[in-house]
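Each chain, written out:
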Amino acid sequence: MTHKVIHPTGWLPAKGYANGMLAKDGTLQIGGQIGWDANKTFTSDTFIGQMRQALSNIREIVEAAGGTVEDVTRLTWFVTDKAEYLAAQSEVGQAYREVFGKHFPAMSMVVVAALIEDEAKVEIEATAHLS
């Protein structure tokens, strides 16, 4: 095996990218996930709703590769509105714990002017290490 594409069952096909790539050493690279579901439909127009969905997508990709959220070692967040993120801190923590529990990998946050999907308010990419 060189690399294995990870695509959760029931998700619409990715176009021009892979949601996850599993290397033979167990490193799982997860491409940026946004607030849409398996049908590429946005489930919310709020930052918290989109954040929860993006994290849920990451969890689903990790599980499709045979891992758990505890295998995630890094998250990089791209947000379009710093003020919106900062105003929702308590809700951010609550939504995060609903999906990832009390597992807190290394994280970075970058404020960006826009994301490719106009409706997206947050995009999160991840790295996991599966044994």
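Residues numbered from 1 in each chain as written. Predicted model: local features only at pLDDT ≥ 70, side-chain atom pairs only at ≥ 80, totals over all residues. Heavy atoms only, no water.

## Side note on the sheet that holds strand E5 (residues 106-111)
- As summarised here, the arrangement of the six strands in space is E1-E2-E3-E6-E4-E5, forming an open sheet in which the pairing is mixed. The two strands at the open ends of the sheet, each matched to only one other strand, are strand E1 (3-6) and E5. Neighbouring strand axes in the sheet, compared pairwise and without regard to direction, differ in orientation by 15° on average.
- Sheet topology note: the strand E2 (residues 20-23)/strand E3 (residues 27-33) ladder contains three bridges and is antiparallel. Residue Gly20 lies in a different strand from E3, and its bridge partner there is Ile30. (Pairing = 2+ DSSP bridges. Helix = DSSP H or I, 4+ residues; strand = E, 2+ residues; numbered from the N terminus. Axes fitted to C-alpha atoms, helices over the stretch in contact; angles between N-to-C directions.)

## Topic: helix H1 (residues 47-64)
- If you check H1, its first and last C-alpha atoms are 26 Å apart, about what 18 residues at 1.5 Å a residue would give, namely 26 Å.
- The complete set of buried residues in H1 reads Phe47, Ile48, Gly49, Gln50, Met51, Gln53, Ala54, Leu55, Asn57, Ile58, Ile61 and Val62.
- After H1 finishes, the residue Gly66 shows a positive phi value of roughly 95°. (Expected span 1.5 Å × (residues − 1). Buried < 20%, exposed > 50% of the residue type's maximum accessible area, 1.4 Å probe, protein only.)

## Some details on the nonpolar core
- Ranked by internal contacts, the top residues of the largest apolar core, which has 31 residues, are Leu28, Met51, Leu55, Ile58, Leu75, Phe100 and Ile124.
- The set of elements that each furnish at least two residues to this core consists of E3, H1, strand E4 (72-79), helix H3 (89-100) and strand E6 (122-129).
- Beyond its immediate stretch of four places on either side in the chain, Leu28 contacts Ile6, Gly20, Met21, Leu22, Ile61, Val62, Ala65, Ala126, Thr127, Ala128 and Leu130.
- Counting five residues, the second largest nonpolar core, distinct from the first, contains Ile34, Trp36, Phe42 and Leu115. (Core = buried A, V, L, I, M, F, W, Y, C linked by side-chain atoms within 4.5 Å. Contact = heavy atoms within 4.5 Å.)

## As for the packing of aromatic side chains
- Evaluation of the coordinates by the stated rule reveals four aromatic pairs.
- Seen in terms of ring centroids, Trp36 and Phe42 are 5.7 Å apart; in terms of plane orientation they differ by 55°. Their pairing is tilted.
- Taking relative accessible area as the criterion, Trp36 reaches 17% and is therefore assigned buried.
- Judged by relative accessible area, which is 16%, Phe42 ranks as buried.
- An aromatic cluster is present here, built from Tyr96, Phe100 and Phe104 joined pairwise through their rings. (Phe/Tyr/Trp six-rings, centres within 6.5 Å; stacked < 30°, edge-to-face > 60°.)

## Observations regarding the side chain of His103
- One can find His103 in the loop between H3 and E5.
- Setting aside anything within four residues of it in sequence, one finds His103 in contact with Val69, Glu70, Val72 and Tyr96.

## Describing the environment of Ala113
- Mapped onto the fold, Ala113 is located in the loop between E5 and E6.
- Residue classification places Ala113 among the exposed positions, given a relative accessible area of 81%.

## Observations concerning a negative patch on the surface
- A contiguous patch of negative charge on the surface is contributed by Asp45, Glu117, Asp118 and Glu119.
- Along the polypeptide, Asp45 turns up in the loop between E3 and H1. (Patch = residues over 30% accessible without salt bridge, like charges linked within 9 Å, V, L, I, M, F, W, Y side chains within 5 Å. Areas by Shrake-Rupley, 256 points an atom, 1.4 Å probe, with all protein chains shown as cover. Salt bridge = Lys/Arg side-chain N within 4 Å of Asp/Glu carboxyl O. Lys, Arg positive; Asp, Glu negative; His and termini not counted. Charge placed at Lys NZ, Arg CZ, Asp CG, Glu CD.)

## Examining the pattern of salt bridges
- Taken as a whole, this structure holds four salt bridges when the rule is applied.
- Glu98 is the partner of Arg52 in a salt bridge, and the nearest nitrogen-oxygen pair spans 2.9 Å. Here Arg52, found in helix H1, pairs with Glu98, found in helix H3; they are 46 residues apart in sequence, far enough to count as distant.
- With relative accessibility at 31%, the residue Arg52 sits in the partly exposed group.

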